[in-house]
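Structural features, examined
Below, each chain spelled out in residue letters.
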Amino acid sequence: METKNVKTVSSRNRYSSYVAKFLSYFIFILWTLITVAPLVWMAYSSFKTNEELTRDIYSMPKELFSSGKASFDVVPPQLNIMYPKNLLKKLGISSSKDVDAIDKKVIILESPNIGAHKRIKVHFLIRDKIDPSLTTSDGRNIKTIEAGVGVQIKCSDLPKSIRMKIGWETIWWNFTSAWNRGELGMKFINSLIYTCVSTFLIVICGLMLVYGITKFQFKKAAAVVAALIGLGYLLDVNQLLVPLFLMLTNMKLTDTHIGIILVYTAFGLPLAVMLSTTYIKGLPYSLVESAYMDGASPFRTFISIIIPMTVPVIITISIQSALGIWNEFLLVLVMASKEATKSLPVGVFSFSSRTGIQLGWQIAALVIATIPVMVVYFIFQKKLAEGVAGGAIKE
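Presented here is a report on the structure given in the accompanying data block. (Residues numbered from 1 in each chain as written. Predicted model: local features only at pLDDT ≥ 70, side-chain atom pairs only at ≥ 80, totals over all residues. Heavy atoms only, no water.)

1. Description of the overall build of the protein chain
Under the convention used in this document: The secondary structure listing takes helices from DSSP runs of H or I that are at least 4 residues long and strands from runs of E that are at least 2 residues long, numbered from the N terminus. In this setup the radius of gyration rests on C-alpha atoms only. A globule is expected at 2.2 Å times the number of residues raised to 0.38. Accessible area is worked out with a 1.4 Å probe on protein chains only. A residue is then buried under 20% of its type maximum, exposed over 50%, and partly exposed in between. Reported accessibility uses the Shrake-Rupley method at a 1.4 Å probe radius. Residues are deemed covered only where the shown protein chains occlude them.
Looking only at helices and strands, one finds 16 helices and four strands in the protein chain. For the protein chain, the C-alpha radius of gyration of 30 Å lies well beyond 21 Å, the compact-globule estimate for 395 residues. Principal axes of the C-alpha set define a box for the protein chain whose edges measure 90 × 80 × 40 Å. Counting over 395 residues, the protein chain shows a buried share of 38%. Here the protein chain has roughly 23200 Å² of accessible surface; of this, 66% comes from carbon and sulfur atoms.

2. Overview of the nonpolar core
Stated precisely, the cut-off is as follows: What is meant by a nonpolar core is a set of buried Ala, Val, Leu, Ile, Met, Phe, Trp, Tyr and Cys residues, joined one to another through side-chain atoms within 4.5 Å. It only takes one pair of heavy atoms within 4.5 Å for two residues to be counted as in contact.
Core analysis: the largest hydrophobic core is formed by 33 residues, its most contacted members being Ile260, Tyr264 and Leu331. Of all the secondary structure elements, the ones that give two or more residues to this core are helix H7 (184-215), helix H9 (241-250), helix H10 (257-281), helix H12 (298-309), helix H13 (311-327) and helix H14 (330-335). Here this core gets eight residues from one element, more than from any other, and that element is H10. Each residue touching Tyr264, except ones within four places of it in the same chain, is listed here: Tyr194, Ser198, Ile202, Ile325, Glu328, Leu331 and Val332. Phe47, Leu53, Trp326 and Leu344 belong to the second-largest nonpolar core, a separate cluster that totals 25 residues.

3. Focus on the packing of H12 against H13
Short version of the rule: Lines are fitted to the C-alpha atoms to define the axes, a helix being fitted only along its stretch in contact, and any angle between axes, read from their N-to-C directions, falls within 0 to 180 degrees. Relative orientations are named as follows: roughly parallel for angles under 35 degrees, roughly antiparallel for angles over 145 degrees, roughly perpendicular for angles from 65 to 115 degrees, and oblique for any other angle. Ten residues, namely Ala, Val, Leu, Ile, Met, Phe, Trp, Tyr, Cys and Pro, are considered nonpolar, four, namely Asp, Glu, Lys and Arg, are considered charged, and the remaining ones, Gly among them, are considered polar.
Interhelical geometry of H12 versus H13 gives an angle of 70° and a closest axis separation of 5 Å. In terms of axis orientation, H12 runs roughly perpendicular to H13. Contacts from Ile307, Pro308 and Met309 of H12 reach H13 at Val311, Pro312 and Ile314. By residue class, the composition of the contact of H12 with H13 is six nonpolar, no polar and no charged.

4. A few points about the sheet that holds strand E2 (residues 106-110)
The condition that has to hold: When DSSP finds two or more bridges between a pair of strands, those strands are recorded as paired.
Ordered in space as E3-E2-E1-E4, the four strands form an open sheet in which the pairing is antiparallel. This sheet does not close on itself; its edge strands, each paired only once, are strand E3 (122-126) and strand E4 (152-154). Within this sheet the neighbouring strands show an average axis-to-axis angle of 35°, counted without direction. For strand E1 (residues 71-75) and E2, the ladder comprises three bridges, and the chain directions are antiparallel.

5. Topic: the pattern of salt bridges
Applicable threshold: Any carboxyl oxygen of Asp or Glu that lies within 4 Å of a side-chain nitrogen of Lys or Arg is treated as forming a salt bridge with it.
If you walk through the whole model with that rule in mind, you get three salt bridges. In this structure, the salt-bridge partner of Asp103 is Arg127, at a minimum N-O distance of 3.9 Å. With Asp103 in helix H4 (residues 99-105) and Arg127 in the loop between E3 and E4, the pair connects residues that are 24 residues apart, well separated along the chain. For Asp103, a relative accessible area of 30% translates into the label partly exposed. Classification of Arg127 by relative accessible area gives buried; the value is 9%. Lys342 is the salt-bridge partner of Glu339, the closest N and O atoms lying 3.3 Å from each other. One connected set of salt bridges, linked through shared partners, spans Lys187, Glu339 and Lys342.

6. A look at the environment of Pro345
Assignment of secondary structure puts Pro345 in helix H15 (residues 344-349). Considering only alpha carbons, one finds Pro345 and Pro159, 186 residues apart in sequence, at a separation of 40 Å. The residues touching Pro345, leaving out its near neighbours within four places in the chain, are Ser191, Trp326, Asn327, Glu328 and Phe329.

7. Quick notes on the pairing of E2
In the case of a regular strand, side chains alternate between the two sheet surfaces. For E2, the buried fraction is high: five of the five residues fall into the buried class. Residues of E2 alternate between two faces, with Val106, Ile108 and Glu110 on one and Ile107 and Leu109 on the opposite face, all of them buried. The pairing of E2 with E3 spans five bridges and is antiparallel. Looking at the pairing, Val106 lines up with Ile126 of E3.

8. Describing the environment of Phe380
Among the secondary structure elements, Phe380 is positioned in helix H16 (residues 359-393). By relative accessible area, Phe380 is classed as partly exposed at 34%. Considering only alpha carbons, one finds Phe380 and Ile319, 61 residues apart in sequence, at a separation of 7.9 Å. Among residues more than four places away in sequence, those in contact with Phe380 are Ile315 and Ile319.

9. As for the packing of H7 against H12
Closest axis-to-axis distance for the H7/H12 pair is 11 Å, and the angle between their directions is 110°. In this view, H7 runs roughly perpendicular relative to H12, as classed from their interaxial angle. Facing Ile204, Leu207, Met208 and Tyr211 of H7, the residues of H12 in contact are Pro298, Phe299, Thr301, Phe302, Ile306 and Ile307. Residue composition of the contact of H7 with H12, grouped by class: nine nonpolar, one polar and no charged.

Next up, the structure:
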């Protein structure tokens with residue numbers, strides 16, 4: 001009888017292990033589909049044209065990789081064409097309004113399949129640099145060709161160096177257009193400023209606050225500060241956008257880097273305090289006393305003892321705060337109206353308008369904004385886990 005019961009229990013345990021394994025794999029696959037699949041889609045969709053994304057969002061990119069087999073329309077100069085930086089200046093043309101001078105010195109090619117008739121995907125050939133003997137497949141001289149309805153040049157008719165240049169520019173067209181037309185360079189720098197400065201202030205001020213609460217004999221003041229920090233942890237910046245906007249407007253800090261950094265720092269402090277309190281509280285007070293006995297000031301003790309011993313928590317606070325600030329959107333959208341103070345997420349949103357959305361550019365901008373986050377996470381993921389565990393179990 002006992003042997004039979006043992007076999008029954010053993011079979012049940014085996015069945016339970018199979019069920020647990022199945023559930024584990026199912027949850028892992030489901031997590032992969034929910035989190036990783038959108039990243040994969042975003043990566044390959046950033047190489048698709050707006051027309052391809054509108055037609056079928058799940059199809060693989062094609063148009064941007066097939067420029068070598070394409071034919072280009074020869075179009076006349078127009079005011080809505082964005083010329084490469086310094087191109088007109090090098091050719092001695094004073095303004096983009098001088099269409100006759102541009103037409104004499106530049107051949108403008110437009111793809112009929114990518115942004116057709118919108119003059120947003122164009123290539124430029126300088127007539128003086130074209131071989132006079134170069135002709136199209138139908139016998140026309142490329143150097144003297146004139147724009148007109150139905151006038152085309154096949155990419156295969158062009159020299160290899162020009163074909164390679166056109167192919168490279170076409171493949172990366174979404175990224176270069178997003179970077180240049182959306183002015184993402186300045187917004188990228190602004191995001192770096194907001195993230196680095198705010199994170200530094202959050203770490204330093206948070207550790208100083210916890211150092212004062214845990215290592216100084218001010219129990220009542222410490223309790224009040226802890227209560228305020230706990231209340232701040234329950235509040236979100238989006239809940240207080242209107243009073244924050246009015247307050248910063250009265251202080252003339254809207255549309256400034258300082259105003260936005262102060263808000264990020266204030267709302268990042270509660271998390272820093274929560275994560276570092278247990279860790280710093282567990283540090284032996286004898287270390288602080290020894291420093292005082294050696295003549296060190298409280299600030300010197302903080303710099304020489306507290307900071308070096310809290311590196312795991314500092315890394316955790318830095319990563320979590322930096323990622324949150326880097327991805328934050330609504331605060332800068334409300335507080336910043338000038339291009340000089342807008343951040344990268346706002347730049348991504350700028351490709352949406354009432355008249356339409358440039359999906360290819362917007363997805364490429366999302367990739368540009370996502371890559372730094374993924375790089376930071378993969379580099380510091382081990383430190384992040386160590387810091388969270390250390391802050392939880394330090395005694």
